[in-house]
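# Architecture and fold: a report
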Amino acid sequence: MSKLGQVVEAVEKYNGFVLNQVKRARSNEKFGRELSDRWTEIKSKTPVTHTPTGLPLPRLALPEIDEPGEIARYLFGEGLPGEFPFLNGAYREMYLEPVRAIETGSYGKKTSGDGAKEKASGNGAQPLEEPTRLFSGLMLAEDTNERFHYLTQHQRTHRLSTAFDGPTLYGIDSDADGVFGKIGEGGVAIDTVEDMVRLYDGFDLGSPNFSASMTISGPAPIIMAMYIAAAKRRFGPKVVPKLRGTIQADIFKEVQAQNETIFPIEASLRFLTDMVEFTTREMPRWYPISISGYHIGEAGSTPVQQAAYTLSNGFAYAEMFSARGIPVDQFGPRLSFFLDCGLDAEYIALARVSRRIWAVGMRDAFGAASRGQLFKLHTQTSGRSLIAAEFKNNLTRTAAELMLAYMNATNSCHSNSADEPFTTPSEEWIRLAAHGQAILLEESGIFKHTMNMLSGSPGMKAVERAVEAAILDEFREIERLGGVLAAVEDRYQRSQIQSAAHRYEQQIYEGTRPIIGLNKYRDGEDDAPEIKLARTPRARQQLQVDRLKKFKKKNAGKAKRALDKLVDVVERGENCFPALLEAVEVSSLGQITGRLQEVVGRFRPMV
């Protein structure tokens, strides 16, 4: 049995444990009284806050129950926010306004009862930080830098999320044959460490209030090395342990859904593990992989497939890193996740269920301590749900998706812009996307006064049970096929995603899935709206090529030596990330990718 099979057993066993605790609370008077006393203590120590209208509200909303069995079901089956199994949130407080002149208190310590493994998580309230993280990338590095400064001008914390252009995503230089027209289109062009310096110019990369997210997987170790090198150029080598952020680096989802894979799977996973081994040791605040379901969802999967493949990929990475000898309590806290949030009913509880399954699996199948059990989640509203027809309706779609994301206690969130069916978002529409989150979190009182404001309805609980059962069924099928890697090689995930995508489009065509303004309540006008397209001027594209050629000419001799050293390390089977750090100082992205492909080969799609 693989680790994934052990996870299925662990979740089923934990569900049985919860039921036993419910029965025990009802039959064992002493245990039931202990739970009731703890429940009373939790409620009595929950601070009271006040809305602007003066209405008193508890800082933490709890169900109105006093029966010991139901108290046990809540404490063990869901957990308080910040407590195992983390269904209600990874941290005790999220999105809330700071405590001012209100009674302070704590929610109390957990009484686990006989035979229970769980312990108090020790996760107190986190420092106040906006969860908003907007995705941006356009033209050249300095153009994206300007957009970054625009997006963060009103934020206390700077959380940047970076989109790269097509050539960069495939590890190709801007001066390669046939890519000129793609330079800076749909993302930022990054060829060298000098570009990376320009990209984040003016931001304090070592500040605790700064973090960078980079959405790239195939050449992720090379881009990661460039980021470190750029930070060292600006702030010196002592900045490296202070760097905070994440890089996507998720090879499994590329093979399953997105296709931006540049090395064979085995080599890709090796380079990824080399990077993880280095960063978990040297960069304690960095998340070296963002296990991504978003692109699986965008490729057409059902919500359950998205969660099941993302979680199973995460467990496969955990198994792989453990096999390398990296301690689970070293890499476990450095894993993060990325899901989309659409309008299907499953999204009412998808992230909540994922958080619970991950916690149980990491604790019971991998032996991770509390920090390694946390499913730290970035959510993006669904790009697939954005429709070109009557596109202003996308504002409403995104607002509804934001509500669902925050109901699920996401750690950070990106809201899509209404004009994205046509172009890279303009400043007007990206500002409205950011304001959507600000209205929800700051103007409204839905999330800023009380934790669990919208959690725990009968409908949400019904969805939770159905989603968990469906995810475990997917796990069993992947286990039957031999595990995640074997299923990938058998094209299982990809074929399931393709079938779901076809069914989705067929439902739209037949009208059984209503899309307002497209197949229902359409006003009859088919004229495309007047949208100004964001395009990279040819002069800017030529500037990128000229800079790159100048960089290559300046470093020609040094690049050859650095690349020879990198190849030698790879062929000896050693961790190549330190040599990669040296190579990016004098070599371009395409030069490094090309030399590595000479050694390990290129990715060939499976048929």
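Residues numbered from 1 in each chain as written. Predicted model: local features only at pLDDT ≥ 70, side-chain atom pairs only at ≥ 80, totals over all residues. Heavy atoms only, no water.

## A short note on the overall build of the chain
Rule in force here: Numbering of helices and strands runs from the N terminus; a helix is a DSSP stretch of H or I covering at least four residues, while a strand is a stretch of E covering at least two. Based on C-alpha atoms, the radius of gyration is set beside the globule rule, defined as 2.2 Å times the residue count to the power 0.38. Burial classes: relative accessible area under 20% of the type maximum marks a residue as buried, over 50% as exposed, and values in between as partly exposed (1.4 Å probe, protein chains only). It only takes one pair of heavy atoms within 4.5 Å for two residues to be counted as in contact. Method for areas: the Shrake-Rupley scheme with a 1.4 Å probe, in which residue coverage is limited to the protein chains shown.
Regarding its fold elements, the chain presents 22 helices and 11 strands. The globule rule puts the C-alpha radius of gyration for 607 residues at 25 Å, and the 25 Å found for the chain is close to it. When the backbone C-alpha atoms are referred to their principal axes, the chain occupies close to 80 × 60 × 50 Å. Expressed as a percentage of the 607 residues in the chain, the buried residues total 57%. When contacts within the chain are restricted to residue pairs at least 6 apart in sequence, long-range pairs at least 24 apart make up 79% of them. Of the roughly 24,800 Å² of accessible surface on the chain, a fraction of 52% belongs to carbon and sulfur atoms.

## Observations concerning the packing of helix α20 (residues 556-572) against helix α22 (residues 589-600)
What counts here: Each axis is a line fitted through C-alpha atoms, taken for helices only over the stretch in contact, and angles between the N-to-C directions span 0 to 180 degrees. Note on convention: near helix rotated counterclockwise from far helix by under a right angle means a left-handed crossing. Clockwise means right-handed. Polarity classes work like this: nonpolar for Ala, Val, Leu, Ile, Met, Phe, Trp, Tyr, Cys and Pro, charged for Asp, Glu, Lys and Arg, and polar for all others, with Gly in that last group.
Close contact between α20 and α22 brings their axes to 10 Å; oriented N to C, the two are set at 35 degrees. When you trace α20 past α22, the crossing you get is right-handed. Residue-level contacts link Ala559, Leu563, Asp564, Leu566, Val567, Val570 and Glu571 of α20 to Gln591, Ile592, Arg595, Leu596, Val599 and Val600 of α22. Among the residues forming the contact of α20 with α22, the class breakdown is nine nonpolar, one polar and three charged.

## Description of unusual backbone geometry
Residue Pro85 is reached from Phe84 by a cis peptide bond, and omega for that bond is 5 degrees. Take Pro85: it is sitting in the loop between α3 (68-77) and β3 (135-136). The backbone phi angle of Met139 is positive, close to 55 degrees, even though this residue is not glycine. Tracing the sequence through the fold places Met139 in the loop between β3 and α4 (141-151). Phi at Asn259 is positive, roughly 80 degrees, even though this residue is not glycine. With respect to the helices and strands, Asn259 occurs in the loop between α8 (251-258) and α9 (265-282). Overall, the relative accessible area of 40% leaves Asn259 in the partly exposed class.

## A closer look at the sheet that holds strand β4 (residues 158-163)
Spelled out, the test is: For two strands to be treated as a pair, DSSP must find at least two bridges joining them.
Taken in spatial order, the five strands make up an open sheet running β3-β4-β5-β6-β7, and their pairing is parallel. Each having just a single partner strand, β3 and β7 (286-287) make up the two edges of the open sheet. Pairing of β3 with β4, which is carried by two bridges, proceeds in the parallel orientation. Following the sheet pairing, Ser136 is matched in β4 by Thr162.

## Comments concerning the packing of aromatic side chains
Defined as follows: Think of it this way: a Phe, Tyr or Trp ring, Trp meaning its six-membered ring, pairs with another when their centres are within 6.5 Å, and the plane angle makes it stacked under 30 degrees, edge-to-face over 60, tilted otherwise.
Enumeration over the complete set of coordinates arrives at 27 aromatic pairs. Ring geometry for Phe17 versus Phe76: centroids 5.8 Å apart, planes at 85 degrees, classification edge-to-face. Note that Phe17 is positioned in helix α1 (residues 3-27) and Phe76 in helix α3, a separation of 59 residues in sequence. Comparing Phe17 with Phe76 shows no difference in burial state: the two are buried. Between Phe337 and Phe375, the ring centres sit 4.2 Å apart and the planes meet at 20 degrees, which makes this aromatic pair stacked. With Phe337 in strand β9 (residues 335-341) and Phe375 in the loop between α13 (350-364) and β10 (377-381), the pair connects residues that are 38 residues apart, well separated along the chain. Of the residues examined, Phe337 reaches a relative accessible area of 1% and is grouped as buried. Looking at Phe375, the relative accessible area reads 1%, which means it is buried.

## Examining the packing of α8 against helix α11 (residues 303-324)
Each packed pair of helices is defined by two parameters, the angle between the axes and the distance between the axes. One way to put it is that α8 packs onto α11 with a least axis distance of 9 Å and a crossing angle of 145 degrees. Here the hand of the crossing between α8 and α11 comes out right-handed. For the pair α8 and α11, the contacting residues are Ile251, Phe252, Lys253 and Gln256 in the first and Tyr309, Asn313, Ala316 and Tyr317 in the second. Classifying every residue of the contact of α8 with α11 gives five nonpolar, two polar and one charged.

## Digging into helix α15 (residues 427-443)
Of the positions making up α15, those classed as buried are Trp429, Ile430, Ala433, Gln437, Leu440 and Leu441. In this structure, the buried residues of α15 make contact with β3, α4, α14 (394-407) and β11 (412-414).

## Quick notes on the sheet that holds β10
For sheets, the rule is that strands pair by backbone hydrogen bonds, running either parallel or antiparallel. Read from one edge of the open sheet, four strands run β8-β9-β10-β11, paired in parallel fashion. With one partner strand each, in any of the chains shown, β8 (289-292) and β11 form the two edges of the open sheet. Across the sheet, the mean angle from the axis of one strand to that of its neighbour is 25 degrees, orientation sign disregarded. Judged from the four bridges that link them, β8 and β9 form a sheet pairing that is parallel. Across the sheet, residue Ser292 finds its bridge partner in β9, namely Phe338.

## Points about the pattern of salt bridges
The condition is simple: In what follows, salt bridge is the name for a side-chain nitrogen of Lys or Arg lying within 4 Å of a carboxyl oxygen of Asp or Glu.
Taken as a whole and judged by the stated rule, the model has 37 salt bridges. The shortest N-O distance in the salt bridge between Arg233 and Glu585 comes to 3.0 Å. One end of the pair, Arg233, is in helix α7 (residues 220-235); the other, Glu585, is in the loop between α21 (577-583) and α22, with 352 residues separating them in the sequence. Residue Arg233 is classed as partly exposed on the basis of its relative accessible area, which comes to 42%.

## Thoughts on the nonpolar core
Within soluble globular proteins, side chains that are nonpolar generally end up buried alongside one another. Let me state the cut-off plainly: Residues belong to one nonpolar core when they are buried, are Ala, Val, Leu, Ile, Met, Phe, Trp, Tyr or Cys, and are joined through side-chain atoms within 4.5 Å.
Within the largest apolar cluster, 157 residues are counted, with the highest numbers of intra-cluster contacts made by Tyr200, Tyr227 and Phe475. Discounting residues that sit within four places of it in the chain, Tyr200 has contacts with Asn145, Phe148, Leu160, Thr162, Leu205, Phe210, Ala212, Met214, Tyr227 and Arg234. Counting residues in hydrophobic clusters, the runner-up holds five residues, among them Ile387, Ala389, Ile508 and Ile515.

## Examining the environment of Val197
Looking at the secondary structure, you find Val197 in helix α6 (residues 193-199). When its relative accessible area of 22% is taken as the criterion, Val197 is described as partly exposed. In this structure Val197 touches Ala230, Arg233 and Arg234, once residues within four positions along its chain are discounted.

## Notes on the confidence of the model for the chain
To keep things clear, this is the line we draw: Along the chain, pLDDT gives the predictor's confidence residue by residue, from 0 to 100.
Of all residues in the chain, 94% have pLDDT values of 70 or greater, and the mean over the chain is 90. In this model, residues 101-106 is a region of pLDDT below 50 whose contacts with residues beyond four sequence positions or in other chains number 14 contacts. Here residues 108-127 is modelled with pLDDT under 50, and outside its nearest four sequence neighbours on either side it reaches 46 contacts, counting other chains as well.

## Considerations on α11
Operational definition: By this rule the span expected of a helix is its residue count minus one, scaled by 1.5 Å.
Here α11 spans 32 Å end to end across 22 residues, near enough to the 32 Å set by a 1.5 Å rise per residue. Burial of α11 is extensive: 18 of the 22 residues sit out of reach of the surface. Just past α11, the residue Gly325 takes up positive phi, approximately 100 degrees.

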